Amino acid sequence: MTAASLRGPEDVADAVARAAPLRGCVVRRREADWIEVDVTALAHRARAGAVWVVVAWPSVWRDPARLAPHLVRARSGNYGLLLAGAGAELDDVLDGVVARHASDATLDRGVLALPLTAPRLAMILRGRADACAQRQGGAVLELELERARRENQMLIEVGRALSHERDLDRLLDIILRQAREVTGADAGSVYVVENPDEDAEARTLRFAVSQNDSRAIEPKGFTMTVSSSSIVGTAVLSSDVVNIPDLYRLGAPGSGHNPWGFVHDRSFDDKYRYQTRSMLTVPMISARSRVIGVIQLINKRAKGTLRLDGAGDFDDGVVPFDEVSVAYATALASQAGIALENAMLYAEVKTLFDGFVKASVTAIESRDPTTSGHSERVAKLTVGLARVVDGISDGPLADARFSRDELTVIEYAGLLHDFGKVGVREHVLVKAKKLYEHQRELILERFKFIRRGLQVGGLRRRVQELTESRVIALEALEAGLAQGAAVEELDDETLARLAELDGMVQTILAANEPTVLEQGNFDRIAEIAAHSYALDDGQQLPYLRPEEVVALQIRRGSLTDAERDEINSHVVHTFNFLSAIPWGRALRGIPEIAGAHHEKLDGTGYPSGRRDVPIAARMMTISDIYDALTASDRPYKKAIPTERALDILASEVKRGMLDESLFRVFVDAKVYGG
């Protein structure tokens, strides 16, 4: 073989096998018009495995069908493509294949001019090998960069999710799930430090949540003391990460393989046929530099491992938590600590606020004990209706959705919808009869006085009659006539007037009941009021005073128009009082909902007669009316059966006063039965 005798596939293949400059290269595949060479040995910067170069002669690169597979391989990253030819053939390469793919940055290709020497071939192959290796390295770097970007983005999204989650249990579940995802942990637990601001001996750890992809485990909460004898206790006391590569290979306490002095309790592993091998325990630290929780991650899965089923899986499928895992877990724990502290503070504020709301309800109901429990029942009914409506996917209510905050607004508005009753005079608020009790007692005493007057008048007339008829009585006796006929007539007259008076009292007492007043009784009250009696000084006074007549002539219920207006004003007071409270953005809808629960869709409601009633207030109106009709604790009315109450609500729906769609859901879902 001469120095410049490499012309065809056979020559190139022989040079690869024998020439010193090409030592380490291997012909992997050999065809009549192309060969594939492993040139990994020539690459200076290979990072991701072998590098191959395909050398193809004109019969290949002039046939698009035969060339296509090689182009695909040349785009894969660790393949190079050399199009070999001599003289005019190279011009065909440049004008054809190279020109057609000039803009394809993913294609690694070049031209091999024949004939050439073995050193020249080695130099060209080394150039292709280095180019492929650089592409490989770039691809690896891009992959690592993309992974880092994705994981950083995930941390950002996790931080955002954690900052928005206020439910403590859900937050802890999210924290653990995300920590396992960024580290590849098969299982894990979260512990919450109770009394984190106290001294170490006063702090305890509550096992809050656990997850395991390989075993179905019943979560059982327990509490343990903070102690250096436990792994989580050590993380709390040291405020530092505890990373154990393999608990099954822990040496004796205090040895080089066990500087912490831990003793692994395998009772859990034995019960569930599980092996707790690698473990990463990371403290969650609050903004006040207090450890308020611990994330414990178990068994980092090796690449390609999805589950840990058999005993052998724990030998091959579990690896220690590496530095990257520690870094990500620590970063997430830092976010989680702030989020957990915020959630705890939110829970404290919510507990405090719930106490305020309940105290307010207690204050309201203490002024009106007859409606005790009404506010809580209305809140429960309205929230129940809202939950059902939230799940409807078609019809007029398909777009009605209620978030957790909105359900809270509805609940608070229901509890406080009668808050304005604190601004209504108590005797009006608790008025059970048409007459106040002091009015009723005054009327009864008045009629006793009138009765005594009739009795005294009758006795006086009897004495006068007896005195005047004394002589007549003696003459009548002598004449053999019966004695006392005129006196008996006088007693009957008095008794008749007394009986009439008793009838008036019974009419008044009957009219005092908060039932529908018949027209006859209405007129009878007016007749009674037309009677008068005389005082000792001769002054004439009516049997019933004007304000008493007005009360007794109430057509329905127990309230006069003025009193009803005063009762109705509680809605205005509710809105004004609640509007004075700085609710914040999430709860600012409470005053409007609570202040509109007596509005009707036809404009006949109060206090504003508005027709554009918010859906939450429309739901509350249905709930409020239903509970008022069926409540058994009202002294001025009897509770009516559910079916009758629903009929009354249905009649108001027909008159356009209540929302038909919401009422239908209320009935069909039997919200009232919950």
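What counts and how
- Residues numbered from 1 in each chain as written.
- Predicted model: local features only at pLDDT ≥ 70, side-chain atom pairs only at ≥ 80, totals over all residues.
- Heavy atoms only, no water.
- Helix = DSSP H or I, 4+ residues; strand = E, 2+ residues; numbered from the N terminus.
- Buried < 20%, exposed > 50% of the residue type's maximum accessible area, 1.4 Å probe, protein only.
- Contact = heavy atoms within 4.5 Å.
- Areas by Shrake-Rupley, 256 points an atom, 1.4 Å probe, with all protein chains shown as cover.
- pLDDT = per-residue confidence, 0-100.
- Core = buried A, V, L, I, M, F, W, Y, C linked by side-chain atoms within 4.5 Å.
- Pairing = 2+ DSSP bridges.
- Arc of directions from axis to C-beta.
- Expected span 1.5 Å × (residues − 1).
- Salt bridge = Lys/Arg side-chain N within 4 Å of Asp/Glu carboxyl O.
- Phe/Tyr/Trp six-rings, centres within 6.5 Å; stacked < 30°, edge-to-face > 60°.
- Lys NZ or Arg CZ within 6 Å of the ring centre and 35° of its normal.

### What about the overall build of the protein chain?
Inference 1: In terms of helices and strands, the protein chain carries 24 helices and 14 strands.
Inference 2: Counting every position in the protein chain, which comprises 674 residues, the buried fraction comes to 45%.
Inference 3: A separation of at least 24 residues holds for 64% of the contacts in the protein chain among residues at least 6 apart in sequence.
Inference 4: As presented, the protein chain carries roughly 34800 Å² of accessible surface, and 53% of it is formed by carbon and sulfur atoms.

### A closer look at the confidence of the model for the protein chain
Inference 1: With 89% of its residues at a pLDDT of 70 or more, the protein chain shows a mean pLDDT of 84.
Inference 2: Mean pLDDT across the elements of the protein chain bottoms out in helix H15 (residues 470-478) (54) and peaks in helix H24 (residues 660-668) (95).

### Some points on unusual backbone geometry
Inference 1: Across the junction of Leu114 and Pro115, the peptide omega takes the value -5°, indicating a cis bond.
Inference 2: Position of Pro115 among the secondary structure elements: in the loop between strand E5 (109-113) and helix H5 (118-164).
Inference 3: The omega torsion of the bond from Tyr606 to Pro607 falls at 10°, within 30 degrees of zero and hence cis.
Inference 4: Mapped onto the secondary structure, Pro607 falls in the loop between helix H21 (590-595) and helix H22 (615-630).
Inference 5: Phi is positive for Ser239, close to 55°, though the residue is something other than glycine.
Inference 6: As for its placement among the helices and strands, Ser239 is situated in the loop between helix H7 (231-238) and strand E9 (242-244).

### Some remarks on the nonpolar core
Inference 1: Formed by 51 residues in total, the largest nonpolar core has its most connected members in Val389, Met619 and Phe666.
Inference 2: Within the residue set of this core, elements represented by two or more residues are helix H10 (323-367), helix H11 (374-390), helix H12 (404-415), H21, H22, helix H23 (642-654) and H24.
Inference 3: The biggest single contributor to this core is H22, with 8 residues.
Inference 4: Apart from the residues within four sequence positions on either side, Phe666 is in contact with Leu381, Leu385, Ile622, Ser623, Tyr626, Leu646, Val671 and Tyr672.
Inference 5: Core analysis: the second largest hydrophobic core is formed by 29 residues, Leu22, Cys25, Leu42 and Ala43 among them.

### Description of the pairing of E5
Inference 1: Residue alternation in E5 divides its side chains into a buried set, Gly110 and Leu112, and an unburied set, Arg109, Val111 and Ala113.
Inference 2: The sheet contact formed by strand E4 (residues 79-85) and E5 spans 5 bridges and is parallel. Following the sheet pairing, Leu83 is matched in E5 by Val111.

### What to know about helix H20 (residues 570-579)
Inference 1: Taken as a whole, H20 has its buried residues at His570, Val571, Thr574 and Leu578. Down the axis of H20, the sector holding all buried residues measures 105°, keeping them to one side.

### As for H22
Inference 1: With 16 residues, H22 should cover 22 Å at 1.5 Å per step; its first-to-last C-alpha distance of 23 Å lies within 8% of that length.
Inference 2: Counting buried residues in H22 gives 12 out of 16 residues, a clear majority hidden from the surface.
Inference 3: Buried residues of H22: Ala616, Ala617, Met619, Met620, Thr621, Ile622, Ser623, Asp624, Ile625, Tyr626, Asp627 and Leu629, and no others.
Inference 4: Buried residues belonging to H22 abut H11, H12, H21, H23 and H24.

### Quick notes on the pattern of salt bridges
Inference 1: In total, this model carries 32 salt bridges according to the counting rule given.
Inference 2: The closest approach of N and O atoms between Glu563 and Lys431, which form a salt bridge, is 2.6 Å. Highlighted residues: Glu563 in helix H19 (residues 561-568) and Lys431 in the loop between helix H13 (426-429) and helix H14 (437-468), separated in sequence by 132 residues. There is no split in this pair, since Glu563 and Lys431 are both buried.

### Points about the packing of aromatic side chains
The relation between two aromatic rings is expressed through the spacing of the ring centres and the mutual angle of the planes.
Inference 1: In the structure shown here, the tally under the stated rule is 17 aromatic pairs.
Inference 2: Between Tyr533 and Tyr543, the aromatic rings sit 6.3 Å apart at their centres with planes inclined by 45°, giving tilted as the arrangement. Pair noted here: Tyr533 is in strand E13 (residues 532-534) and Tyr543 is in the loop between strand E14 (540-542) and helix H18 (546-552), with a separation of 10 residues, a long-range link. Tyr543 shares its class with Tyr533; the two are buried.
Inference 3: Aromatic rings pair up to connect Phe268, Tyr272, Tyr274 and Phe314 into one cluster.
Inference 4: When the ring centre of Tyr248 is taken as origin, the NZ or CZ atom of Arg266, which lies over that ring, is 3.7 Å away.

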